[in-house]
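Chain by chain, the residues run as shown.
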Amino acid sequence: MTTAVQVTGLTRQYVMGGEPLEVLRGVDLSIAYGEIVCVMGPSGSGKSTLLNIVGGLDRPTSGSVVVAGSDLARMDDEQLAVYRRRQVGFVFQSFNLIGTMTARRNVELPLLFSGEPEDQRTARAAAALQAVGLGHRLDHKPTELSGGEQQRVAIARASVNEPAIMLADEPTGNLDTHTGQEILSLITSMNAEGRTFLITTHDRAVAKAVAHRIVTIVDGAIARIEQGGTL
Ligand SMILES: Nc1ncnc2c1ncn2[C@@H]1O[C@H](COP(=O)(O)OP(=O)(O)O)[C@@H](O)[C@H]1O
Ligand SMILES: [Mg+2]
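Residues numbered from 1 in each chain as written. Chains lettered and ligands numbered in written order. Predicted model: local features only at pLDDT ≥ 70, side-chain atom pairs only at ≥ 80, totals over all residues.

1. Comments concerning unusual backbone geometry
Okay, step 1: Not every positive phi belongs to a glycine, and Glu 162 is a case in point at roughly 55 degrees.
Okay, step 2: In this fold, Glu 162 is placed in the loop between α5 (147–159) and β7 (165–169).
Okay, step 3: You will see that Asp 219, though not glycine, has its phi angle at about 50 degrees, which is positive.
Okay, step 4: Inspection of the secondary structure puts Asp 219 in the loop between β9 (213–218) and β10 (221–227). (Helix = DSSP H or I, 4+ residues; strand = E, 2+ residues; numbered from the N terminus.)

As structure tokens, this is what we get:
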């Protein structure tokens with residue numbers, strides 16, 4: 001199986017004040033294992049909505065989303081929760097770490113939810129943090145880490161369960177340019193080791209630096225797909 005994500009005829013409508021708001025209007029997108037795809041587009045174009053639907057945080061109005069061979073539309077809420085824990089890794093603009101927990105505990109969380117025994121959790125979380133260059137920060141809490149370090153912890157947490165797809169919503173949006181570039185290099189090196197990424201950004205330089213393919217959405221529809229700078 002070479003297709004990680006297959007999105008077909010995806011639409012998402014919200015009803016606001018009785019009026020339908022067409023946020024996604026028939027999106028078709030296929031992502032191969034080993035690819036980095038960036039979704040670009042202006043603010044409000046539907047990037048986060050697309051990512052949230054692929055990640056099982058939101059549901060389509062119509063159309064299908066198949067990830068690692070499973071059709072999300074056929075899943076009930078409980079199956080979707082399992083899907084989110086096992087098949088997807090989320091990285092957000094604002095890191096979304098738990099402030100009271102150390103880096104290691106944050107990274108252990110997905111393993112805790114999937115029932116991994118404690119000794120394995122501890123070891124795998126430490127290895128994931130080592131892999132993002134934070135082997136020396138295991139017992140630091142988020143407030144004791146820089147923004148770039150916090151995003152590395154978030155990336156370690158998102159990858160520790162070996163998900164089929166890593167989803168990153170504006171992962172460099174809260175970082176200065178230099179730190180953002182370091183995060184993009186980390187993503188590139190994780191991709192070289194086989195990880196698949198779907199990343200949103202409104203910044204063309206970010207997409208150019210990291211993507212194999214750049215998909216531009218305008219008003220909820222794909223306006224353009226181009227080869228990125230890394231091919
Ligand atoms: N839960 C919601 N209810 C109503 N409208 C929403 C909701 N989520 C997003 N929207 C609207 O959908 C559009 C696309 O939002 P979003 O996907 O967040 O865009 P982007 O990430 O490209 O900035 C925006 O106009 C936003 O206001
Ligand atoms: Mg967004």
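2. Brief notes about the environment of Val 107
Okay, step 1: With respect to the helices and strands, the residue Val 107 is situated in helix α3 (residues 103–113).
Okay, step 2: A C-alpha to C-alpha distance of 25 Å links Val 107 and His 178, two positions 71 residues apart in sequence.
Okay, step 3: In contact with Val 107, other than residues within four places in its own chain, are Ala 125, Ala 128, Leu 129, Val 153, Ala 156, Arg 157 and Val 160. (Contact = placed C-beta atoms within 7 Å.)

3. Description of the site of ligand 1
Okay, step 1: All residues adjacent to ligand 1 are Tyr 14, Met 16, Leu 21, Val 23, Gly 41, Ser 43, Gly 44, Ser 45, Gly 46, Lys 47, Ser 48 and Thr 49.
Okay, step 2: Those elements that place two or more of their residues in the shell around ligand 1 are β1 (3–16), β2 (19–32) and α1 (47–54).
Okay, step 3: The leading source of residues in the shell around ligand 1 is α1, at three residues.
Okay, step 4: A per-class count over the shell around ligand 1 returns four nonpolar, seven polar and one charged. (Near = placed C-beta within 6 Å. Nonpolar A, V, L, I, M, F, W, Y, C, P; charged D, E, K, R; others polar.)

4. Examining the sheet that holds β2
Okay, step 1: Sheet architecture is open: four strands sit in the order β2-β1-β4-β5, paired in antiparallel fashion. The open sheet terminates on both sides in strands that have one partner only, identified here as β2 and β5 (70–71).
Okay, step 2: As defined by bridge partners, strand β4 (residues 62–67) adjoins β5 across two bridges and the pair is classed as antiparallel. Paired with Val 67 across the bridge in β5 is Ser 70.
Okay, step 3: Of the strands in this sheet, β1, β2 and β4 touch α1, which is tilted by about 120 degrees from β1. (Pairing = 2+ DSSP bridges. Axes fitted to C-alpha atoms, helices over the stretch in contact; angles between N-to-C directions.)

5. A look at the packing of α5 against helix α6 (residues 177–192)
Okay, step 1: Interhelical geometry of α5 versus α6 gives an angle of 20 degrees and a closest axis separation of 9 Å. Here α5 is positioned roughly parallel relative to α6, judged by the angle of their axes. As α5 packs across α6, the resulting crossing turns out to be right-handed. The segment α5 lies against α6, with Gly 147, Gly 148, Gln 151, Arg 152, Ile 155 and Ser 159 engaging Thr 179, Glu 182, Ile 183, Leu 186 and Met 190.
Okay, step 2: Of the residues that constitute the contact of α5 with α6, the class distribution is four nonpolar, five polar and two charged. (Parallel < 35°, antiparallel > 145°, perpendicular 65-115°, else oblique. Left-handed = near helix turned anticlockwise from the far one by under 90°.)

6. Quick look at α1
Okay, step 1: Counting buried positions over the eight residues of α1 gives six, a clear majority of the element.
Okay, step 2: Three or more residues of α1 are buried, namely Lys 47, Thr 49, Leu 50, Leu 51, Ile 53 and Val 54.
Okay, step 3: In the stretch just after α1, Gly 56 is the one whose phi turns positive, near 75 degrees. (Buried ≥ 20, exposed ≤ 12 C-beta atoms within 10 Å, placed from the backbone.)

7. A word on the packing of α3 against α5
Okay, step 1: Put simply, α3 and α5 touch, their axes get as near as 7 Å, and they point 25 degrees apart. Judged by the angle between their axes, α3 and α5 are roughly parallel. The element α3 and its partner α5 pack so that their crossing is right-handed. Where α3 abuts α5, its residues Ala 103, Asn 106, Val 107, Leu 109 and Pro 110 lie against Val 153, Ala 156 and Arg 157.
Okay, step 2: Here the contact of α3 with α5 is composed, by residue class, of six nonpolar, one polar and one charged.

8. Digging into α5
Okay, step 1: Taking 1.5 Å per residue as the helical rise, α5 with its 13 residues ought to reach 18 Å, and the 18 Å between its terminal C-alpha atoms agrees with that figure.
Okay, step 2: With respect to burial, α5 is a largely interior element, 11 of its 13 residues being buried.
Okay, step 3: Considered for burial, the residues of α5 that qualify are Gly 148, Gln 150, Gln 151, Arg 152, Val 153, Ala 154, Ile 155, Ala 156, Arg 157, Ala 158 and Ser 159.
Okay, step 4: Among the structural elements, β6 (88–92), α3, α4 (118–131), β7 and α6 are those in contact with the buried residues of α5. (Expected span 1.5 Å × (residues − 1).)

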